[in-house]
Every structure is written in C-alpha cells, then in structure tokens.
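A structural walkthrough
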Amino acid sequence: MKTRHFVLAGLTLALLAACAATPNNAPQASQMEDARATVNQVVQTLGGELKTALKEVGPAGAISVCQEKAPQIAAAVSEQKGVKLRRVTFKSRNPKSVPDAWETRVLQDFEQRLAKGETAASLEYGEVVQDGGTKTFRYMKGLVMQEVCMSCHGTRETISDGVKAKLAELYPNDQATGYLPNMLRGAVSLKKPM
Ligand code: HEC
C-alpha cells in the first residue's frame, strides 16, 4: 500500500515538474489575430475620443473623458467579443491598472524589446495559460508614449498647472507622469477563457 502511495506521489510530482517546465504554450494564429483586432479597436476608439476631447475642451477637460470613456469602451468591446480587457502599467494612475505576475513579466519583456529597437506596433505577446484552473488565452499589446500623451503623462514642463491640479484631485496617488515619447507607458491586457 505504502509503495503505491509513493509511486503515485512520485508520478504527481513528475507531472507537476513536467507542466512547470513546459515552455510557452503557443496560441493559434487565429487567436492572435482576433486579439490583435479587438485590442486595436479599443485603442483606436479611445485614441479618437481623446483627440476630439483635446481639441474641444483641452487636456484638463479631456481628463474626465479619459476617465469615463476608457472603461466604457473597454466594457463594450469586452462584452461584444466575450473577453476581458484592461490596461496595465508599472506606474499607475488608476490603482486598478497594477499588473499581475504574468502581466509583469510581459511588460518587462516589452521594455527590453523596445530598448533593443523593436517598433511600438510590434509589441505584442500571447500565450495559453492555466488561470485558476481554467485554460485561458492571454494577450497583451504595448502602449508606447507619443507626443499627444505628453500633456497628461509627460514631464513637469509638458503638463499644465490646470492638468496637474485636476490630476491631484482625481488621482491622489498618481504615478503615471515623467514619461518621454517612445517610452513604454503600459499595455492593453486581454483574457479569454477557452
Ligand atoms: C487628457 C489627459 C490624457 C491624455 C492626453 C492621455 N491620457 Fe492616459 N490616462 C489619463 C487618465 C485620466 C488616466 C486614468 C484613467 C482611469 O481612471 O482609468 C489614464 C490612464 C492611462 C493608462 C492606464 C494605466 C494607468 O496609468 O492607470 C494608460 C496605459 C494610458 N493612460 C496611456 C496613454 C497613452 C498611450 C496616451 C497617448 C496616446 C495617453 N494615455 C494620453 C489621461 C490622459
């Protein structure tokens, strides 16, 4: 009896070790294409809203648009496509944007790839993982700083006093400033149970 238990335990351990050692569970090309299209839709819709708001009400006024529109757009597209979407970053403005362990690794990888000269548009990564016991497709697409982002995520010089005051009021723990163009601002993170 005892030996059988040992054998079973040994087998379980071997299996666990094998799973842990399994390299990158590559997703299918169609999964990557769908995720890319979904994320691009969100990024483009939000970018459009942002540009319109900046033109019509200026950066201080556009803050609330960004605050309300970003989650609305993400929620609408998430529902339409049956996925979960959110934005993540190492320096968050919205405290909900803190990355989990998987997202942290991918963000670090994006930073390295960007430093090696990869283009902003090519920063994406997808993997099939076990997420709390559910086989899940995860995907991330990098968001890189552009000139248009500088009025709200840039330096002391590029952020106006009005924007600084509004940000201090809405986000007392804001860390999302001090960026320069072409730095990694964060990523859109997508999850889809399989
Ligand atoms: C008008 C001001 C404004 C501009 C311009 C702006 N943002 Fe933001 N950004 C915000 C606000 C406000 C939030 C917090 C939104 C929230 O409450 O979820 C935010 C949040 C984010 C987040 C989520 C992570 C976090 O810090 O919470 C990312 C990623 C992001 N912005 C990227 C960008 C990029 C890339 C650009 C340029 C294309 C940009 N932003 C331009 C105001 C702005």
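Relevant structure appears above.
Notes on the structure in this doc start here. (Residues numbered from 1 in each chain as written. Predicted model: local features only at pLDDT ≥ 70, side-chain atom pairs only at ≥ 80, totals over all residues. Heavy atoms only, no water.)

Under the definition given, this model contains two aromatic pairs. Note on Trp102 and Tyr125: the rings are 6.0 Å apart at their centroids and 35° apart in plane angle, and the pair reads as tilted. Residue Trp102 is found in helix H3 (residues 101-115), and its partner Tyr125 is found in strand S2 (residues 124-131); the two are separated by 23 residues along the sequence. You can call Trp102 buried: its relative accessible area is 7%. (Phe/Tyr/Trp six-rings, centres within 6.5 Å; stacked < 30°, edge-to-face > 60°. Helix = DSSP H or I, 4+ residues; strand = E, 2+ residues; numbered from the N terminus. Buried < 20%, exposed > 50% of the residue type's maximum accessible area, 1.4 Å probe, protein only.)

Relative to the elements of secondary structure, Thr38 occurs in helix H2 (residues 29-81). Here Thr38 is in contact with Val77, Lys81, Val83, Leu85 and Leu190, once residues within four sequence places are set aside. (Contact = heavy atoms within 4.5 Å.)

Oppositely charged side chains are able to pair whenever their charged atoms sit close together. Scanning the model with the defined rule gives 10 salt bridges in all. Notably, a salt bridge pairs Lys69 with Glu49, separated by 3.3 Å at the nearest N-O pair. For Lys69, a relative accessible area of 28% translates into the label partly exposed. Close ionic contact of Arg138 with Glu103 constitutes a salt bridge, the shortest N to O distance being 3.1 Å. Of the two residues, Arg138 sits in strand S3 (residues 134-144) while Glu103 sits in helix H3, which places them 35 residues apart along the sequence. (Salt bridge = Lys/Arg side-chain N within 4 Å of Asp/Glu carboxyl O.)

Next up on the list: the coordination of the iron atom of the ligand. Exactly one protein atom donates to the iron atom of the ligand; that atom is His153 (NE2), 2.1 Å from the metal. Structurally, His153 is set in helix H4 (residues 150-153). (Donors = N, O, S within 2.8 Å, 3.2 Å for Na, K, Ca; no water.)

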